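A look at the structure
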Amino acid sequence: MAAPMTNDQRFFIALALGVSFLKCLLINAYHSTDFEVHRNWLALTHSLPVSQWYYEATSEWTLDYPPLFAWFEYGLSHIARFFDKEMLVVQNLSYASPATILFQRLSVIVADVLFFYAVKECCRCLREDKGKDLLGKPSFILTVLLLWNFGLLIVDHIHFQYNGFLFGVLLLSIARHFQNRHFEGALLFSILLNLKHIYLYIAPAYGVYLLRCFCFTQSNADGSVQWRSFSVMRLVTLGTIVLSTFAVSFGPFIALGQLPQVLSRLFPFKRGLCHAYWAPNIWALYNIADKAFSILGVKFKLLDVNKFPKASMTGGLVQEFQHSVLPSVSPLATLVCTVLSILPALFRIWHRPNGARGFLRCLVICALGSFMFGWHVHEKAILMAILPLSLLAVESREDARIFLILSITGHYSLFPLLFTTQELPIKIFLMLLFTIFSLTSLKTLFRKGGALLKPLEAMYLLGLIPLELICEFVYPLTVWKKTFPFLPLMLTSIYCALGVTYAFIRLYISLLTCSDNSKKMKMQ
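Residues numbered from 1 in each chain as written. Predicted model: local features only at pLDDT ≥ 70, side-chain atom pairs only at ≥ 80, totals over all residues. Heavy atoms only, no water.

**Focus on the overall build of the protein**
Basically, it comes down to this: Think of it this way: any DSSP run of H or I at least four residues long counts as a helix, any run of E at least two long counts as a strand, and we number them from the N terminus. Here the radius of gyration uses the C-alpha set of atoms, whereas the globule reference equals 2.2 Å times the residue count to the power 0.38. For every residue, the accessible area obtained with a 1.4 Å probe (protein chains only) is divided by the maximum for its type, and the residue is called buried under 20%, exposed over 50%, and partly exposed between those limits. Here, two residues are considered to be in contact whenever any of their heavy atoms come within 4.5 Å of each other. Accessible surface is estimated by sampling points in the Shrake-Rupley manner with a 1.4 Å probe; for residues, cover comes only from the protein chains shown. Just so you know, the count uses Lys and Arg for positive and Asp and Glu for negative, and it drops His and the chain ends. Throughout, a charge is located at the NZ atom of Lys, the CZ atom of Arg, the CG atom of Asp or the CD atom of Glu.
When its secondary structure is counted, the protein shows 22 helices and zero strands. For 524 residues, the compact-globule formula gives about 24 Å, and the C-alpha radius of gyration of the protein, at 24 Å, lands near that figure. Overall, the protein is about 65 × 60 × 50 Å in size when its C-alpha atoms are taken along their principal axes. Within the protein, buried positions represent 54% of all 524 residues. The long-range share in the protein, meaning contacts at least 24 apart out of those at least 6 apart in sequence, stands at 77%. Of the roughly 23,400 Å² of accessible surface on the protein, 68% is carried by carbon and sulfur atoms. Within the protein, one finds 44 positive and 29 negative side-chain charges whose respective centroids are separated by 7 Å.

**Considering the packing of aromatic side chains**
The criterion, for reference: Between rings of Phe, Tyr and Trp, where Trp is taken as its six-membered ring, a pair exists when centres lie within 6.5 Å; planes separated by under 30 degrees are stacked, by over 60 edge-to-face, and by other angles tilted.
Per the counting criterion, the structure on display carries 34 aromatic pairs. Ring centres of F69 and F72 lie 5.3 Å apart, and the angle between their planes is 50°; this geometry places the pair in the tilted category. Note that F69 and F72 are positioned in helix α3 (residues 67-80) at a spacing of three residues, about one turn of the helix. Take F72: its relative accessible area is 18%, and that puts it in the buried class. Between W283 and Y286 the ring centres are 5.6 Å apart and the planes differ by 85°, which places this aromatic pair in the edge-to-face class. Of this pair, W283 and Y286 both sit in helix α12 (residues 282-299), three residues apart, which is roughly one turn of that helix. Following the ring pairs from residue to residue traces out a cluster consisting of F35, W41, Y65, F69, F72, F160, Y162 and F165.

**Points about the pattern of salt bridges**
To keep it simple, the criterion reads: A pairing counts as a salt bridge when a side-chain nitrogen of Lys or Arg comes within 4 Å of a carboxyl oxygen of Asp or Glu.
A complete count under the given rule lists 13 salt bridges for this structure. A salt bridge links E379 to K380; the nearest nitrogen and oxygen atoms lie 3.8 Å apart. E379 sits in the buried class, given a relative accessible area of 2%. Look at the salt bridges and you will find they share partners, linking E121, R124, R176, R181 and E184 into a network.

**Describing the environment of S438**
Secondary-structure assignment places S438 in helix α18 (residues 424-445). Residue S438 is classed as buried on the basis of its relative accessible area, which comes to 1%. Considered as a pair, S438 and K482 are 44 residues apart in the sequence and their alpha carbons are 38 Å apart. Excluding anything up to four places from it in sequence, S438 contacts L145, F403 and L404.

**Description of the confidence of the model for the protein**
Our working rule: pLDDT measures how confident the predictor is about each residue, on a scale from 0 to 100.
Of the residues in the protein, 91% have a pLDDT of 70 or more, and the chain-wide mean is 89. Between residues 311-319, whose pLDDT stays under 50, and residues either more than four places distant or in other chains, the model counts 33 contacts. Predicted confidence is poor over residues 515-524, with pLDDT under 50, and the contacts of this stretch with residues over four places away or in other chains come to 24 contacts.

**Focus on the packing of helix α16 (residues 383-393) against helix α17 (residues 397-412)**
When two helices pack together, their arrangement is given by the angle between the helix axes and by the axis-to-axis distance. Note the following rule: Only C-alpha atoms enter the line fits that serve as axes; for helices the fit covers just the stretch in contact. Angles between N-to-C directions range over 0 to 180 degrees. Any angle that is under 35 degrees is reported as roughly parallel, and any over 145 degrees as roughly antiparallel; angles of 65 to 115 degrees are reported as roughly perpendicular and all others as oblique. Each crossing is labelled by how the near helix is turned from the far one, with a counterclockwise turn of less than a right angle marking it left-handed and a clockwise turn marking it right-handed.
Between α16 and α17, whose axes approach to 9 Å, the crossing angle comes to 155°. Judged by the angle between their axes, α16 and α17 are roughly antiparallel. Crossing of α16 over α17 shows left-handed handedness. Seen from α16, the contacting residues are L383, A385, I386, L389, S390, L392 and A393; seen from α17, they are D399, A400, I402, F403, L406, S407, G410 and H411.

**Some details on the nonpolar core**
So the rule is basically this: Only buried residues count toward a nonpolar core. Its members are Ala, Val, Leu, Ile, Met, Phe, Trp, Tyr and Cys residues joined through side-chain atoms within 4.5 Å.
Formed by 165 residues in total, the largest nonpolar core has its most connected members in F115, I174, Y199, I202 and L442. Not counting residues within four places of it along the chain, the set of residues in contact with I202 comprises L170, F189, L363, C366, A367 and M384.

**Digging into the side chain of H38**
For clarity, the threshold we go by: Polar contacts here mean pairs of N or O atoms no more than 3.5 Å apart (in protein, one a potential hydrogen donor and the other a potential acceptor; neighbouring residues in sequence count only if both atoms are side-chain atoms).
By the secondary structure assignment, H38 is in helix α2 (residues 33-47). Given the relative accessible area of 3%, H38 is considered buried. Side-chain polar atoms of H38 contact the side chain of E73, separated by 2.7 Å. Every residue in contact with H38, bar those within four places of it in the chain, is listed here: F69, E73, Q104, F160, Q161 and Y162.

**Regarding the environment of L200**
Here L200 lies in the loop between α8 (182-193) and α9 (203-215). Assessed through its relative accessible area of 39%, L200 is described here as partly exposed. Separated by 170 residues in sequence, L200 and S370 place their C-alpha atoms 9.5 Å apart. Apart from the residues within four sequence positions on either side, L200 is in contact with L193 and F267.

**Some points on a nonpolar patch on the surface**
Note the cut-off: For patches, a residue must show more than 30% relative accessible area and have no salt bridge; joins then use 9 Å for like charges and 5 Å for nonpolar side chains, namely Val, Leu, Ile, Met, Phe, Trp and Tyr.
The grouping of L462, I465, L469, I470, F473 and V474 at the surface amounts to a nonpolar patch, some 560 Å² of accessible area in total. Among the elements that line the nonpolar patch, the one with the most residues is helix α20 (residues 464-474), at five residues. Structurally, F473 is set in helix α20.

**Some details on helix α5 (residues 138-147)**
Burial of α5 is extensive: 10 of the 10 residues sit out of reach of the surface. Every buried residue of α5 is listed here: P138, S139, F140, I141, L142, T143, V144, L145, L146 and L147.

**Brief notes about unusual backbone geometry**
Of note in the backbone geometry, F160 takes a positive phi value of approximately 95° without being a glycine. Counting through the fold element by element, F160 comes out in helix α6 (residues 150-160). A positive phi angle, close to 60°, is found at N354, a residue other than glycine. Relative to the helices and strands, N354 is located in the loop between α14 (331-351) and α15 (355-373). The class of N354 is partly exposed, set by a relative accessible area of 27%.

**Observations concerning α18**
Under the convention used in this document: By this rule the span expected of a helix is its residue count minus one, scaled by 1.5 Å.
Between its first and last C-alpha, α18 extends 32 Å over 22 residues, near the 32 Å set by a 1.5 Å rise per residue. Those residues of α18 lying buried are L424, K427, L430, M431, F434, T435, F437, S438, S441, L442 and L445. Residues of α18 that are buried make contact with α1 (7-25), α5, α6, α16, α17 and α20.

Next comes the structure, spelled out in structure tokens:
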């Protein structure tokens, strides 16, 4: 006879079913070009031999994910044929029959089951007092913050992607490291890298943590590494796991002599510094500074406007942004900046690891550092920092403060992804719902210490309200809409970049000033 469900199990199932029902309601909502991207990948993996997967270019949306994700699409395609075989024809560009829409939406919803399991495993890793009310339990708050995450809902189930499935692999890997099941954690992360290579952003955190805390089995009394404790066997085993995963993934293409072609698809450095809509990072601030210097230079007759690249003064948000005053930024420069931005965190985790929580903090910094300084960063990449930070936010007051700033700002920066009128009330409602819960639940959890946010921080976040009113309702009525159509996107990008940059700085201050004493990690 099965044991009766506990209250924790009941609320988890209720939250999972509730968000799944909401996702079903969004099936017929707007979808972006990413919907066609994945339909095309279903078609080419189903219809073409493996040797043509990374050469096929009938559609502009060529396959640019690692091989394991291509096999994932291949598996889905064999289910898709029972819904509508026409979606699997490569030549059927922009094909979106009702059956195709239903299948692709359901595939994302069903794939999120892995995410549900990963969230449950993460909740088991939390430190929490028994006997607390449901609303005061970190595990309940974390479940809502992850399962009902605003960013995942709009990016996956309106805009259309498979981030929930991918974050499920990531969170499960993190949970395994908390549970000291390091081989499983390493295997899961290796699989993740071969599903979507954007997770290379956080690979340094994994590499340093596993080398320092797993391959070196002991530390000195002061927390420094004990060199004689190095385990060659553990290193060899980890290396075997990683190399085997990559061999299974890339092996067929290496055998076909196609590795250079695959890599050229995965790393298209011919794209510009910024995406069409500037991600709210340091390069958005750099771009606007260049525009400001250009305008001032022309006004004071220090610069000749005829010598400027056209896009720098009139084009607005474009991929191939050309700087007029400040030096142009190369892919190598962004790589150097990214490495420099995460090095202190990596040194910290090496010299004072602080266990799995220290690893998680380093992972968040690597994700955010790469977002801040990376080449051609997509705005959606902010979720790679927000979701893992949720785990720290329910255990530390300072992390809760940083989480509120980063999540509210980062989530609002995703608003331009949904630009259709019918989705406007949906995104506003879901954003408000998630934000109000985050603020009230974390405030209740850390109520003994006073207000979580400082007055200036609260004022900055409240500034998002007039920004939204101006961009969505006021600006379209002005005469500038036709002359400067990019201005609302630019304002959103710049304003959110300030908040994300501030959160990044606060996170670093927290990392470098926190004590190794575990008391600093306990809830207040």
